[in-house]
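Descriptive structure summary
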Amino acid sequence: MTQKTLPLTEDLYHYFIQHSVKEHPLQKELREDTSDMVMSRMATAPEQGQLLALLVKLLNVKRYLEIGVFTGGSSLAVGLNLPSDASIVALERREEYAEIAQVFWDKAGFSDRVDLRIGPAVESLAELESEGAAGSFDLAFIDADKPHYPEYYESCLRLVKKGGLIIIDNVFWHGNVAKEEFDDKDTESMREFNKMVYEDERVQIAMLPLGDGMTLAYVR
Ligand SMILES: C[S@@+](CC[C@H](N)C(=O)[O-])C[C@H]1O[C@@H](n2cnc3c(N)ncnc32)[C@H](O)[C@@H]1O
């Protein structure tokens with residue numbers, strides 16, 4: 001029995017990737033095409049995409065909500081695994097990032113089933129709620145600006161159906177959440193957010209040390 005998650009050495013990380021991640025050619029193409037972008041570190045790691053893809057299948061996702069599209073890594077992982085009658089609502093503030101994602105949604109053949117909303121996600125979420133979308137999503141992925149996480153989370157709790165899943169990315173915040181010397185606004189807000197989710201009886205959670213840390217919150 002192992003009683004503690006192993007630290008990931010470079011060797012073990014390499015082995016882990018080699019024996020788990022199976023990228024679709026379009027995922028590889030997207031990763032290679034965008035690797036030179038200044039902000040490429042914002043993209044989800046391939047192992048996170050792999051988990052998203054599996055969850056889509058397990059949960060039989062028909063409606064997926066993404067907050068923070070960037071160049072489309074996570075939405076491509078999800079879209080490639082959705083059934084043909086499923087749809088995506090994708091929220092992104094910057095059109096120039098979403099345009100790259102759209103190229104890949106198109107190549108993958110599901111762009112006609114993506115409702116992309118450009119603008120501040122808080123506003124797009126309010127719009128969705130006012131359109132009567134509460135309880136209509138099976139899966140939501142929160143991966144945009146961290147100070148708004150509490151608002152995104154509360155909105156997702158209304159938009160995701162009971163028995164659905166909310167996934168929250170970057171909960172380790174580069175590992176800074178566990179380092180006392182970091183007391184900047186972003187680190188503090190992530191600590192507060194993690195504490196709030198941990199204590200929230202409306203969800204059942206698992207926090208995974210994958211990528212920059214991901215919390216999976218099952219909506220009770
Ligand atoms: C970490 S990246 C998302 C990565 C993406 N999920 C992927 O797999 O590549 C965060 C994205 O959120 C967007 N963003 C930041 N603040 C936002 C806001 N207030 N409203 C909507 N999108 C926002 C950024 O422009 C950026 O593209």
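Going by the structure above, here's the rest.
Here's what I pulled together on the structure shown here. (Residues numbered from 1 in each chain as written. Predicted model: local features only at pLDDT ≥ 70, side-chain atom pairs only at ≥ 80, totals over all residues. Heavy atoms only, no water.)

**What about the site of the ligand?**
To be explicit about the condition: It suffices for a single heavy atom of a residue to lie within 4 Å of a molecule or strand for the residue to be listed as near it. Under this definition, polar contacts are N or O atom pairs within 3.5 Å; protein pairs additionally need one hydrogen-donor-capable and one acceptor-capable atom, and for neighbouring residues in sequence, both atoms have to be side-chain atoms. The pocket and cavity definitions rest on a 1 Å grid over protein atoms only: a 1.4 Å probe that fits but cannot leave marks a cavity, an open set with protein on both sides within 12 Å along at least five of seven lines marks a pocket, and residues lining either have an atom within 4 Å of a point. The rule for placing a molecule in a cavity or pocket is simple: more than half of its atoms must lie within 2 Å of the grid points. Following the grouping adopted for this structure description, the nonpolar residues are Ala, Val, Leu, Ile, Met, Phe, Trp, Tyr, Cys and Pro, the charged ones are Asp, Glu, Lys and Arg, and the polar ones are all others, Gly among them.
Residues in close proximity to the ligand total 18 residues, the closest being Thr44, Ser74, Glu92, Ala121 and Asp143. Between the ligand and Arg93, the relevant distance is 3.1 Å, taken from a nitrogen atom to a main-chain nitrogen or oxygen of the residue. Among the detected pockets, the ligand sits in the largest pocket. Class assignment for the residues of the shell around the ligand results in nine nonpolar, five polar and four charged.

**Digging into the packing of helix H6 (residues 121–130) against helix H7 (residues 149–159)**
Spelled out, the test is: The axes used here are C-alpha line fits, helices contributing only the stretch in contact, and every angle between their N-to-C directions lies in the interval 0 to 180 degrees. Runs of H or I in DSSP of at least four residues are treated as helices and runs of E of at least two as strands, each being numbered from the N terminus. Roughly parallel covers angles under 35 degrees, roughly antiparallel covers those over 145, roughly perpendicular covers 65 to 115, and oblique covers all other angles. Crossing handedness is defined as follows: a turn of the near helix away from the far one that is anticlockwise and smaller than a right angle gives a left-handed crossing, while the clockwise case is right-handed. By the convention used here, residues are in contact when the closest approach between their heavy atoms is within 4.5 Å.
Closest axis-to-axis distance for the H6/H7 pair is 10 Å, and the angle between their directions is 20 degrees. Regarding the angle of H6 to H7, the classification is roughly parallel. Between H6 and H7 the crossing geometry is left-handed. Note on element contacts: H7 touches H6 through Glu151, Tyr152, Ser155, Arg158 and Leu159, opposite Ala121, Val122, Leu125, Leu128 and Glu129. Grouping the amino acids of the contact of H6 with H7 by side-chain chemistry returns six nonpolar, one polar and three charged.

**Some thoughts on the packing of aromatic side chains**
Convention followed: Pairing of aromatic side chains requires ring centres within 6.5 Å, counting the rings of Phe and Tyr and the six-membered ring of Trp. Pairs whose planes differ by under 30 degrees are stacked, by over 60 edge-to-face, and all others tilted. Only protein chains enter the accessibility calculation, which uses a 1.4 Å probe. A residue is then buried if its area is under 20% of the maximum for its type, exposed if over 50%, and partly exposed in between.
Considering all chains together, one arrives at four aromatic pairs under this definition. Taking 4.7 Å as the distance between ring centres and 75 degrees as the angle between the ring planes, the aromatic pair formed by Phe70 and Tyr97 counts as edge-to-face. Remark: Tyr97 occurs in helix H5 (residues 95–108) and Phe70 occurs in the loop between strand E1 (63–67) and helix H4 (73–79); sequence separation between them is 27 residues. Aromatic side chains Tyr149 and Phe193 sit 5.4 Å apart centroid to centroid with 70 degrees between the ring planes, which places their arrangement in the edge-to-face category. Linking Tyr149 in helix H7 with Phe193 in helix H8 (residues 185–199), this pair joins segments that are 44 residues apart in sequence. A relative accessible area of 1% means that Tyr149 is categorised as buried. For Phe193, a relative accessible area of 3% gives the class buried.

**A short note on the layout of surface pockets**
Inclusion rule: Grid points are joined across faces, edges and corners, and a volume is the space filled by probe spheres set on the points.
There is about 820 Å³ of room inside the largest pocket. Every residue lining the largest pocket is counted, 37 residues in all, and those nearest its centre are Met42, Asp143, Ala144, Asp145 and Lys146. For the lining of the largest pocket, the secondary-structure elements that each account for two or more residues are H4, strand E2 (87–92) and H6. Taken together, the residues of the lining of the largest pocket break down into 15 nonpolar, twelve polar and ten charged. If you add up the space inside the second largest pocket, you get close to 320 Å³. Arg31, Ala43, Thr44, Ala45 and Pro46 are, among the 19 residues lining the second largest pocket, the residues nearest its centre. Looking at the lining of the second largest pocket, the elements that each hand over two or more residues are helix H2 (25–34), helix H3 (46–58) and H4. Of the residues belonging to the lining of the second largest pocket, the class tally is seven nonpolar, nine polar and three charged.

**With respect to the pattern of salt bridges**
Which entries qualify depends on this criterion: For salt bridges, the criterion is a side-chain nitrogen of Lys or Arg within 4 Å of an Asp or Glu carboxyl oxygen.
Applying the stated criterion across every chain yields a total of 15 salt bridges. Across the pair Glu32 and Lys28 runs a salt bridge whose closest N-O atoms are separated by 3.1 Å. Of the two residues, Glu32 and Lys28 are both situated in helix H2; the distance of four residues between them amounts to about one turn of the helix. With relative accessibility at 45%, the residue Glu32 sits in the partly exposed group. Glu129 is paired through a salt bridge with Arg158; the nearest N and O atoms lie 2.7 Å apart. Here Arg158 lies in helix H7 and Glu129 lies in helix H6, a separation of 29 residues in the sequence. Exposure remark for Glu129: the relative accessible area of 24% places this residue in the partly exposed category. Bridged by salt links that share partners, the residues Asp115, Arg117, Glu127 and Glu131 form one connected network.

**Focus: the nonpolar core**
The condition that has to hold: Here the nonpolar core consists of buried residues drawn from Ala, Val, Leu, Ile, Met, Phe, Trp, Tyr and Cys, with membership extended through side-chain atoms lying within 4.5 Å.
Grouped together as the largest cluster of nonpolar side chains are 29 residues, with contacts concentrated most on Leu65, Ile67, Ile142 and Ile166. For this core, the secondary structure elements donating two or more residues are E1, E2, H6, strand E4 (137–142), H7, strand E5 (160–169), H8 and strand E7 (214–219). Ranked by residues supplied to this core, first place goes to H7 with six residues. Not counting the four nearest positions on each side in its chain, Ile166 is found in contact with Ala140, Ile142, Tyr153, Cys156, Leu157, Val160, Thr215, Leu216, Ala217 and Val219. Residues Leu82, Ile88, Trp105 and Leu165 belong to the second largest nonpolar core, which totals 27 residues.

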